[in-house]
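# A closer look at the structure
In case you want the letters, here they are:
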Amino acid sequence: MKETYARQYAALYRGHWWWRSRERFLAGVLRDLLPAGEELGPVLDVGCGDGLFFPVLEAWGQPEGVEADGALVTDAGRARGAIHVGPFDEGFRPGRRFRLITALDVLEHAADEGAFLRRARELLTDDGLLVVTVPALPWLWTHHDDLNLHRTRYTRATLRAAAAAAGLEVRRLDYFFGWTVPMKLLVRLKEALVAPKDDAVRIPVRPVNALLEGLSAAEHALTRRTGLPVGSSLLGVLTRRRG
């Protein structure tokens, strides 16, 4: 991500409706996937930043992280769990495999998605789960993707194909944040007419922030079992392909 955005990231994660909603959604996904109280041992968060998702992962094990951008890692982050600063490649050798690996809005930054997914597969136990989220639908590309230095936005088909090529099987593949799709299309239209110049991402005023977080929570609750036909984000739950 661009430096201006990186400086805002921790505050956005803690306060912005989108990050709050994504965290709540993912905590629910993990509760659905993993038995309550099951101890997984060490769990790995790839692209962990300052370990901001570690408190959620602590419900299942001892969180560890990998973060390529050392500027995002602070002493407070390291206190939440071990964080390896460096790329997620063959140079990362934790000396163990993991029953749970998360990569939350990370894969779309990878210069080589195949190498990224193959490394994740190598670090999964035979019964392990790789939980990824990515921005969805190329036709929703906006300046926000440029600001985040995204390389792509995924569909179910493209994420499924990338997973298969890396020796991974899909256990679950669901769009979420469906209600934001019309908003993203309006932003695209606006940007087609007026080129964006402001790289700042702001937390909305409190009542608006709370309303948008509430809308997201309602959508997630209503579609928890059924999924959505479209959404601005995509969840993938992947496992090692046998054989």
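The text that follows walks through the structure, step by step, so that each part is easy to find. (Residues numbered from 1 in each chain as written. Predicted model: local features only at pLDDT ≥ 70, side-chain atom pairs only at ≥ 80, totals over all residues. Heavy atoms only, no water.)

### Re the overall build of the protein
- When helices and strands are tallied, the protein shows nine helices and seven strands.
- For the protein, whose C-alpha radius of gyration is 17 Å, the value lies close to the compact-globule estimate of 18 Å for 243 residues.
- Counting only C-alpha atoms, the protein reaches 50 × 40 × 35 Å along its principal axes.
- Split into buried and exposed, the 243 residues of the protein put 53% on the buried side.
- Look at the contacts in the protein between residues 6 or more apart in sequence, and 74% of them connect residues 24 or more apart.
- When the accessible surface of the protein is totalled, it reaches about 11,600 Å², and 57% of it is carbon and sulfur. (Helix = DSSP H or I, 4+ residues; strand = E, 2+ residues; numbered from the N terminus. Rg over C-alpha atoms; globule rule 2.2 N^0.38 Å. Buried < 20%, exposed > 50% of the residue type's maximum accessible area, 1.4 Å probe, protein only. Contact = heavy atoms within 4.5 Å. Areas by Shrake-Rupley, 256 points an atom, 1.4 Å probe, with all protein chains shown as cover.)

### Let's talk about the pattern of salt bridges
- Under the counting rule described, the total for this entry stands at twelve salt bridges.
- Across the salt bridge formed by glutamate 23 and arginine 20, the nearest N and O atoms sit 3.2 Å from each other. Of this pair, glutamate 23 and arginine 20 both sit in helix 2 (residues 17-33), three residues apart, which is roughly one turn of the helix. Comparing glutamate 23 with arginine 20 shows no difference in burial state: the two are buried.
- The partner of arginine 99 in a salt bridge is aspartate 127, and the shortest N-O contact between them spans 3.8 Å. With arginine 99 in strand 4 (residues 98-104) and aspartate 127 in strand 5 (residues 124-135), this residue pair connects regions lying 28 residues apart in the sequence.
- The exposure class assigned to arginine 99 is partly exposed, which follows from its relative accessible area of 29%.
- Through salt bridges with shared partners, a single ionic network connects Arg97, Asp126 and Arg240. (Salt bridge = Lys/Arg side-chain N within 4 Å of Asp/Glu carboxyl O.)

### Side note on a nonpolar patch on the surface
- A contiguous nonpolar patch, built from Leu186, Leu189, Leu193 and Val194 and spanning about 450 Å² of accessible area, is present on the exposed surface.
- Structurally, the position occupied by leucine 193 is in helix 8 (residues 181-193). (Patch = residues over 30% accessible without salt bridge, like charges linked within 9 Å, V, L, I, M, F, W, Y side chains within 5 Å.)

### Topic: the environment of leucine 40
- Relative to the helices and strands, leucine 40 is located in the loop between helix 2 and strand 1 (42-46).
- By relative accessible area, which is 8% here, leucine 40 ends up buried.
- Beyond its immediate stretch of four places on either side in the chain, leucine 40 contacts Leu34, Trp60, Arg99 and Leu100.

### A word on the nonpolar core
- Leu30, Leu34, Phe53, Leu100, Val131 and Leu235 are the most contacted members of the largest nonpolar core, which totals 36 residues.
- For this core, the elements supplying multiple residues, two or more each, are helix 1 (3-15), helix 2, helix 3 (54-57), strand 4, strand 5 and strand 7 (233-240).
- A per-element tally of this core places helix 2 first, with nine residues.
- Of all hydrophobic cores here, the second largest spans 34 residues; its members include Val66, Val106, Ala162 and Ala166. (Core = buried A, V, L, I, M, F, W, Y, C linked by side-chain atoms within 4.5 Å.)

### Re the packing of helix 2 against helix 9 (residues 206-222)
- At their nearest, the axes of helix 2 and helix 9 sit 9 Å apart, and the two run at 25 degrees to each other. Comparing their axes, helix 9 and helix 2 come out roughly parallel. Of the two possible hands of crossing, helix 2 and helix 9 adopt the one that is right-handed. Between helix 2, through Trp17, Arg20, Ser21, Arg24 and Phe25, and helix 9, the contact on the second element is made entirely by Asn209, Leu212, Glu213, Ser216, Ala217 and His220.
- Within the contact of helix 2 with helix 9, the residues separate by chemical class into four nonpolar, four polar and three charged. (Axes fitted to C-alpha atoms, helices over the stretch in contact; angles between N-to-C directions. Parallel < 35°, antiparallel > 145°, perpendicular 65-115°, else oblique. Left-handed = near helix turned anticlockwise from the far one by under 90°. Nonpolar A, V, L, I, M, F, W, Y, C, P; charged D, E, K, R; others polar.)

### What about the side chain of threonine 180?
- Topologically, threonine 180 is positioned in the loop between strand 6 (168-176) and helix 8.
- Residues contacting threonine 180, with those up to four places away along its chain left out, are Trp17 and Ser232.

### A few points about the sheet that holds strand 1
- Across the sheet, seven strands lie side by side as 3-2-1-4-5-7-6; this open sheet has mixed pairing. Looking along the sheet, the strands with just one partner apiece sit at the ends: strand 3 (82-85) and strand 6. Averaged over all pairs of adjacent strands, the angle between their axes in this sheet comes to 15 degrees, without regard to strand direction.
- Examined bridge by bridge, strand 1 and strand 4 share three bridges and lie parallel to one another. Opposite valine 46, over in strand 4, you have alanine 103 as the bridge partner.
- With respect to the sheet, helix 5 (residues 113-123) is in contact with strand 1, strand 4, strand 5, strand 6 and strand 7, its orientation differing from that of strand 5 by roughly 145 degrees.
- Against the sheet, helix 7 (residues 156-165) makes contact with strand 5, strand 6 and strand 7, and its axis sits at roughly 160 degrees relative to strand 6, the strand it touches most. (Pairing = 2+ DSSP bridges.)

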